[in-house]
Amino acid sequence: MANKPLHAYTVAEASNLQVYQNYKCEILTLSGATEQTTAAWDTPAKEILFYSPGGVADDDGITISLKVGGSHGADIVLSHDNLPFTLKGMLIEEVIIHGQSGDADAITVLSFH
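First, a word on scope: everything that follows refers to the structure included in this document.

**A few points about the overall build of the protein chain**
When helices and strands are counted, the protein chain shows 1 helix and 8 strands. Ordered by position from N to C terminus, the α and β elements of the protein chain give α-β-β-β-β-β-β-β-β. Looking at the protein chain as a whole, 33% of its 113 residues are labelled buried. A fraction of 77% describes how many contacts in the protein chain between residues 6 or more apart in sequence connect residues 24 or more apart. Accessible area for the protein chain stands at about 6800 Å²; split by element, carbon and sulfur atoms hold 54% of it.

**Re the side chain of His113**
Residue position: His113 is located in the segment after strand S8 (104-112). The class of His113 is buried, set by a relative accessible area of 10%.

**Structural notes on the nonpolar core**
Proteins that are soluble and globular tend to have nonpolar side chains buried together. Counting residues in each nonpolar core, the largest one holds 17 residues, and the members touching the most others are Ile48, Phe50, Ile64, Val95, Ile97 and Ile107. Elements with a minimum of two residues in this core: strand S1 (23-31), strand S3 (45-51), strand S4 (61-68), strand S7 (85-99) and S8. It is S7 that contributes the most residues to this core, 4 residues altogether.

**Details of the packing of aromatic side chains**
The final tally for this structure, using the stated rule, is 1 aromatic pair. Plain terms: the ring middles of Tyr23 and Phe112 are 6.4 Å apart, the flat faces sit at 50° to each other, and that makes the pair tilted. In this pair, Tyr23 is assigned in strand S1 and Phe112 in strand S8, connecting sequence segments 89 residues apart. Note on Phe112: relative accessible area 14%, which makes it buried.

**Thoughts on unusual backbone geometry**
Among all residues except glycine, the phi angle is most often negative; among peptide bonds, the trans geometry is most common. A cis amide bond links Leu83 to the next residue, Pro84, at an omega of 5°. As for its position among the elements, Pro84 is in the loop between strand S6 (76-79) and S7.

**Section: the pattern of salt bridges**
What the rule picks out here adds up to 1 salt bridge. Linking Glu26 and Lys24 is a salt bridge whose minimum nitrogen-to-oxygen distance equals 3.9 Å. With relative accessibility at 15%, the residue Glu26 sits in the buried group.

**A short note on the environment of Thr63**
Within the secondary structure layout, Thr63 lies in strand S4. In this structure Thr63 comes out as buried when scored by relative accessible area, which is 10%.

**Thoughts on the environment of Lys88**
In this structure, Lys88 sits in strand S7. With 40 residues separating them in the primary sequence, Lys88 and Ile48 have C-alpha atoms 6.5 Å apart. Residues within four places of Lys88 in sequence aside, it is in contact with Lys46 and Glu47.

Cut-off values and rules
Residues numbered from 1 in each chain as written. Predicted model: local features only at pLDDT ≥ 70, side-chain atom pairs only at ≥ 80, totals over all residues. Heavy atoms only, no water. Helix = DSSP H or I, 4+ residues; strand = E, 2+ residues; numbered from the N terminus. Buried < 20%, exposed > 50% of the residue type's maximum accessible area, 1.4 Å probe, protein only. Contact = heavy atoms within 4.5 Å. Areas by Shrake-Rupley, 256 points an atom, 1.4 Å probe, with all protein chains shown as cover. Core = buried A, V, L, I, M, F, W, Y, C linked by side-chain atoms within 4.5 Å. Phe/Tyr/Trp six-rings, centres within 6.5 Å; stacked < 30°, edge-to-face > 60°. Salt bridge = Lys/Arg side-chain N within 4 Å of Asp/Glu carboxyl O.

If you want it as structure tokens, here you go:
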């Protein structure tokens, strides 16, 4: 009976790992109602994770606008209590984030392409 070595993957496992090889991570600093836009990616993002780099700083919210299929849809309003927050199941071309307070907040955007 032969055992599979620890470093060997099945075809399905290897294919699933390739999904997460192309990613981009950005830390955006929001001050008040200043608009911050992540770079429009070369290829649309399949999955985006939003999280606060230093944990929950305050109860102020952020507004997220997504560009999907060439147009922006309705805004998503999140408080820091809702972070981390994941979006998947659509091809996202761009993300615009607005702060809702006068305090400087930071949010990390991790996108998988």
